[in-house]
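Working through the structure, step by step
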Amino acid sequence: VMAGGGSATLAGGFTFVSPPTPPPPNPPAPFGPLQVQLANLPARIVVGQPVQFNVDVTAGPRSDQRATIGVNGTAHVMFNGAVACTAAVSNGSGSCSAPIPNVHSLTLTVSFAGLGASALSVPTSVFVDPGTVTITGVTAKIKRCQSSVTVRGTRKAPGGTITVQRKAGKRWVKAATIRTKKSKWKVSFTAPKARTITVRASDGKSTTTSVVTKVTGRC
């Protein structure tokens, strides 16, 4: 086969015509520095709520020559310097989701590696809404060979229903529900014996981050 297509006369007078070389299906991005950023951040970020982070990556020598075709690699979205989720970037776009931790503010950054190079976004600081319900404490101890758990918390608007869930394997199951008119609430329940227990609470408007507590005592 002749590179780039062409023809050749073979013995016996036969003519062999080679097909033209097809263009690459995904042409490489133009040479130049990479630029990575978060796109379309939600206006309100609430503690405990999962958020989808959209990553945009471009490459090119100048702002008017930047492109996304062929910009493939891996991006890490970081909360205060720690990796929160990982996105596969294809042709300059990727996304991943992560729950918001129980903090007052977050510094968001994105690192990207691909095309034999790497890039880091400009840090973005965002305010974290504490939500309408919080967990202030969890105690858990073995009682009658089961985990006896008490969860305490607060709610911004007094009254309403609080639902506490516990993690069972990879699933969340309802552990207890309480209806109260007070801003402070407390609920107790039993669960299978375990070394630790993971809980979260919801009032229907927001959900807390998960809280992991060591179970004390012996059966």
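Quantities reported herein were computed from a predicted structural model and do not represent experimental measurements.

Here Ser 111 is to be found in strand S8 (residues 105-114). For Ser 111, the residues in contact, after removing those within four places along its chain, are Thr 74, Ala 75, His 76, Met 78, Ala 119 and Leu 120.

Bridge count for S8 against strand S9 (residues 117-120) is 4 bridges, and the pairing is antiparallel. In the strand pairing of S9, Gly 114 is matched with Ala 117. In this antiparallel pair of consecutive strands, S8 and S9, the connection spans 2 residues, and Leu 115 shows a positive phi of 60°.

On to the pattern of salt bridges, then. What the rule picks out here adds up to 2 salt bridges. Between Asp 129 and Arg 44 there is a salt bridge, and its shortest N-O distance comes to 2.8 Å. In this pair, Asp 129 is assigned in the loop between strand S10 (124-127) and strand S11 (133-143) and Arg 44 in the loop between strand S3 (34-39) and strand S4 (50-59), connecting sequence segments 85 residues apart. Assessed through its relative accessible area of 13%, Asp 129 is described here as buried. Among the residues examined, Arg 44 registers a relative accessible area of 51% and is labelled exposed.

Calculation criteria
- Residues numbered from 1 in each chain as written.
- Predicted model: local features only at pLDDT ≥ 70, side-chain atom pairs only at ≥ 80, totals over all residues.
- Heavy atoms only, no water.
- Helix = DSSP H or I, 4+ residues; strand = E, 2+ residues; numbered from the N terminus.
- Contact = heavy atoms within 4.5 Å.
- Pairing = 2+ DSSP bridges.
- Salt bridge = Lys/Arg side-chain N within 4 Å of Asp/Glu carboxyl O.
- Buried < 20%, exposed > 50% of the residue type's maximum accessible area, 1.4 Å probe, protein only.

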